[in-house]
Each structure stands twice: as C-alpha cells, then as structure tokens.
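A look at the structure
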Amino acid sequence: MNETSAEARRLRANTEASARMVGAEPMLVGVAAAGDVVPRMTPTTILTSGAPLEWPEYTGGQRRAILYGAVYEGLAGSAEDAEAKLDRGEIQVRSTQQHDCIGSVAGIYTASMPVFIVRDDVHGNLAFCNFYEGKSRYRLNYGSYDQEVADGLRWLESTMAPVLAECLAGDPIPLKPMMARALRLGDELHSRNTAATLLLQRELTPRLFALATAAEWRTRVEEVMDFFLANDYTFLRLGMAAAKATADAAHGVEHSSLVTGMAINCREFALRVSGLGQEWFRGGHPELQGRFFDGFTAADAEWIGGESCVTETVGLGGMAQACAPSLMDYQGGSFQAMMANNEAMYAITSAEHPTYRIPAFDFRGTPVGIDLHAVVATGVTPLIDGGLAGRSGGQIGAGVLRPRIEAFTAAAAAYAERYPTSIAS
C-alpha cells in the first residue's frame, strides 16, 4: 500500500465518520436512576470525569467530590470513612467514559442519582448525563458538599426526576432541532444554554400542565417549573448527552483520524480518535484565556475535571462561539476575536454541519469533525468554551480553553504506527 492510497483510505474513513456525526439524531427518551440504566454500574461504583485514573491518582477538588459522592450515596459515614473504603476497594471509582456517560466538571455519578437517557435514533447507541444541580456556586461537581448541596441532590432524585420521567414516558423529545434553533437564538450550547433551556421548558410545559391536573403531582410540577425558570444551564446536561451519543456514533471507523472525545481530569487533558479504539491520548491541561469573577485570581483556580468539551467534538461550543456574542460579558474579549477564533476552526475540521449553523457567518454550518492530522499539521488546537473551578469549591471564572498539542501528537504517533503509510509488498 503506498502513501497515496493510505491517505485516500483515511479521507474516505473521515468522510464516513463525519457523515455518522452529522447524521446522528439524538432523542431524549427517558430519565432513570443511574444504577438502573447505566451499563456496568453497581451500588458501590462512583463515576467521575476524564480519562481513567487509578484511585490514588485523583487529587484536589476531584478527589473531594468522589469522597463526598460516597457520603451522599450512604456508602460511607464521612469523607475519611469514604477514603478508607476506596483505599480498600470496597468502593470503586471509574471514569464516566467507561460507562457511556458524560460528566460536567468532576462529573460525579452514584447509583441513586438520576440521569437523562439519550438515544441516537439513527445508530441506536445510548448516552447518559446526570442533572444540573442548580445555580448555587457550591455544588458537588465542583468538589463542594454540605447540607444544602445534599438537599439539592436529594430534590433532583425525589422530585425532578420522577416528574420528568412521567412527562417523557413513551413520548421522546428530538433534541437536534431544538439545539439548531438555540444556536440561532444566541446559544453556542456549552457556556450559554439560555435559549435551549427556554425551548426545552416550552416543549415540556403542556406535559407538565397535564401532569399537574393530578393533585399528587401538582406541588412537584410547580417546583420543577420554578427550577427551570431559575436555572439557564439546565439544558447543558442534555446537550452533553446528545453530543456524547453523536460522537460515539462516529467512533470506531477504521482509518479515521477524527477526534470523537475530549475530556479533562485533575491531572490532564485527553482525547480519543475514531480509528484508534478505546485508548485515550493524554497531555497537559489546556491553556486558559478568560476572566475571573470578582474577588478571584489565577491563584485560586484548580483543575477538577470536565467533559462538557464533548460539545466541541460535534460542532458546538467553541465551534459555534460566534453564535453567542453575549459570552463576551461572561468570558471577556470581543466579538471580533470570537468570530476570528471560530473561523479558524474550519482549518482543523473535516466538514461543515448541515443542521448547526452560524448566523454571523451567513448561516455557514459549524466546523465539525476535528481532524487529528490537521491539528498536528497546523499547530492549531480546538477552541473550547469552559468554566474555571476554584480550589475551595465552586466556579470562579470562565473563558476559552486551548488544549496543548502533545495529546494530539501522541495520538498522531499511535495512528502512524497502526496505519503505516507504506508496507512492503
């Protein structure tokens, strides 16, 4: 096989992977406890964000979040008890990525926590994401835990989950049209989800009203509607599950060099590639370009984890940043810089999304299908929108994340080894 035919095979594979990605049709099909639906989830399993690590490797806020997750689930009486049980293997910590899940920041899942179930109706695969905890700066997924955090998690489990499960019973919601419209209304579906949350609320309102006609549901329905009104980020978890299902549909195409996953844990940034199996290629944490909330500086920041950058792998988030000029107030910068950064992404992607479009670019499709080879050749890494976590818990800022090149060069070396450009005849 010569170099030309090898390159032709790669390009054909990338065309197939891109087609799977843009052709996916994510549907919200239900809500259930993680232990009931997440593959290989056990009562003593805790899931967390990022490429897999061994328990002793977790540090800082991500380690605290795992410990507090064990306390919340009733697996331990205190953080110290949880640590001892994790050390002994009585509680297991696993990556969300090993269980078809996607995690925001520390991304903590325990068996009783409710999850959204999203199915790609074209390819049949499922993806799961747990619920947004609410607008309080202190949340479990940021490594914080107190009675207020525990009460909020229990409310999601006892009130919001049953209401949404009842609303969705036998009547799935197509997410892709909603997401496409949200882009036209000023979201980019990573750091801004205001329009998508309102569209979801509008879709659910008739179902909620119908449910509220039964006296036993009325109070819970009212509380759920109040939660939607107060929390613009509610849709983010659905967008992440939709993106996870979409990216997974494009994974496993032999010879494809498209990135089908990006994830962060407390130690590193990592990515996976469609044609390179289940291996995660790792590098240093991204470089931060953003602003800190009042009272915080760079000295207060800490990497806790995060997988919301899955949205960028499918043409959203930083790949659609020009859809959301209001992010300037949140992240800093200028709209001209946002447009220039967004436009630069077309050079490292394989396609333009036929459904997700950018009004500021005359409705050009968002750049989709990050090509490993293009990243390495240009030195341009993907643009990721994101929040900044604090050492003492909570979110302390927001901005743009730029992955360092080494994870991509590591993946490129593995690709060259697996698919050499010349083979002796």
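As a reminder, the structure under discussion sits directly above these lines.
For the structure given in this document, a descriptive report is provided here. The shown structure was predicted, so the numbers you read here are calculated from the model rather than taken from an experiment. (Residues numbered from 1 in each chain as written. Predicted model: local features only at pLDDT ≥ 70, side-chain atom pairs only at ≥ 80, totals over all residues. Heavy atoms only, no water.)

1. A short note on unusual backbone geometry
Our working rule: Helix and strand definitions here come from DSSP, where helices need a minimum of 4 consecutive H or I residues and strands a minimum of 2 consecutive E residues; each element is numbered from the N-terminal end. Buried means the residue's accessible area, taken with a 1.4 Å probe over protein chains only, is under 20% of the maximum for its type, while exposed means over 50%, and partly exposed covers the values in between.
A positive phi is found at Leu189, a non-glycine position, where the angle reads about 70 degrees. Tracing the sequence through the fold places Leu189 in the loop between helix 6 (176-184) and helix 7 (194-212). Judged by its relative accessible area of 1%, Leu189 is buried. Although it is not a glycine, Phe363 sits at a positive phi angle of roughly 65 degrees. With respect to the element layout, Phe363 can be found in the loop between strand 13 (349-358) and strand 14 (364-370). Phe363 gets classed as partly exposed once you look at its relative accessible area, which sits at 42%.

2. Remarks on the sheet that holds strand 4 (residues 101-102)
Here is the rule: Pairs of strands are assigned from DSSP output, requiring at least two bridges between the strands. Two residues qualify as a contact provided that any one of their heavy atoms is within 4.5 Å of a heavy atom in the partner residue. For helices, the axis comes from a line fit to the C-alpha atoms of the stretch in contact; other axes are also lines fit to C-alpha atoms, and the angle between any two N-to-C directions lies between 0 and 180 degrees.
Sheet architecture is open: 5 strands sit in the order 4-6-5-1-7, paired in mixed fashion. The open sheet is flanked by strand 4 and strand 7 (173-174), the only strands paired with a single partner. Across 2 bridges, the pairing between strand 1 (residues 26-33) and strand 7 is antiparallel. Residue pairing in the sheet places Leu28 in a bridge with Ile173 of strand 7. The strands touched by helix 9 (residues 234-249) within the sheet are strand 1, strand 4, strand 5 (114-120) and strand 6 (126-130), with strand 6 carrying the most contacts at an inclination of about 155 degrees.

3. Topic: the sheet that holds strand 11 (residues 287-292)
What the 4 strands build is an open sheet, ordered 11-16-15-12; its pairing is antiparallel. Two strands close off the open sheet at either side, each with one partner strand: strand 11 and strand 12 (301-302). Across 2 bridges, the pairing between strand 12 and strand 15 (residues 384-390) is antiparallel. Opposite Glu302, over in strand 15, you have Ala389 as the bridge partner.

4. Quick look at the layout of surface pockets
Condition: Any residue with an atom within 4 Å of a point lines the site, the site being either a cavity, points on a 1 Å grid over the protein atoms alone where a 1.4 Å probe fits but cannot get out, or a pocket, an open set with protein on both sides within 12 Å along at least 5 of 7 lines. Grid points are joined across faces, edges and corners, and a volume is the space filled by probe spheres set on the points.
Estimated volume of the largest pocket: approximately 580 Å³. Val105, Tyr142, Gly386, Gly387 and Gln395 are the residues nearest the centre of the largest pocket, which is lined by 37 residues in total. Those elements that provide at least two residues to the lining of the largest pocket are helix 9, strand 12, strand 15 and strand 16 (395-402). Among the elements that take part in the lining of the largest pocket, strand 15 stands out by supplying 6 residues, more than any other. By volume, the second largest pocket is sized at about 280 Å³.

5. Re the environment of Arg40
This is how the line gets drawn: Two N or O atoms count as a polar contact when they lie within 3.5 Å, although within protein this holds only if one can serve as hydrogen donor and the other as acceptor, and sequence-adjacent residues are included solely when both atoms are side-chain atoms.
Along the chain, Arg40 falls in the loop between helix 2 (34-37) and strand 2 (45-48). On the basis of relative accessibility, which here comes to 52%, the residue Arg40 falls in the exposed class. Each residue touching Arg40, except ones within four places of it in the same chain, is listed here: Gln98 and His99. A distance of 2.4 Å separates the side chain of Arg40 from the backbone oxygen of Gln98, its partner in a polar contact.

6. Looking at the environment of Glu166
Checked against the element boundaries, Glu166 lands in helix 5 (residues 147-168). A residue is classified by how much of its surface remains accessible, and Glu166, at 42% relative accessible area, is partly exposed. A sequence separation of 71 residues divides Glu166 from Arg237, and the C-alpha atoms of the two residues are 19 Å apart.

7. Description of the nonpolar core
For the record, the criterion: Nonpolar core, defined: a set of buried Ala, Val, Leu, Ile, Met, Phe, Trp, Tyr and Cys residues in which side-chain atoms within 4.5 Å join the residues together.
Judged by nonpolar contacts, the single largest core of 76 residues is most densely connected at Met160 and Phe235. Residue contributions to this core peak at 9 residues, all from helix 9. If we ignore the near neighbours within four places in the chain, the residues touching Met160 are Phe131, Trp155, Val224, Phe227, Phe228 and Thr234. Within the second largest apolar cluster, 29 residues are counted, among which are Leu271, Val273, Ala301 and Ile348.

8. With respect to empty space enclosed by the protein
A full pass over the atoms with the stated rule returns 4 cavities of 30 Å³ or more. In this structure, the largest cavity encloses a volume near 130 Å³. Along the wall of the largest cavity there are 15 residues; nearest its centre are Ile108, Met113, Asn130, Phe131 and Leu153. If you tally residues by element for the lining of the largest cavity, the top one is helix 5, at 3 residues.

9. Considerations on the pairing of strand 6
Moving residue by residue along a regular strand, the side chains alternate between the two faces of the sheet. Counting buried positions over the 5 residues of strand 6 gives 4, a clear majority of the element. The sheet contact formed by strand 4 and strand 6 spans 2 bridges and is parallel. Counted as the bridge partner of Cys101 is Phe128 from strand 6. Where strand 5 meets strand 6, 5 bridges bridge the pair, whose relative direction is antiparallel. Counterpart to Val115 in the pairing with strand 6 is Asn130.

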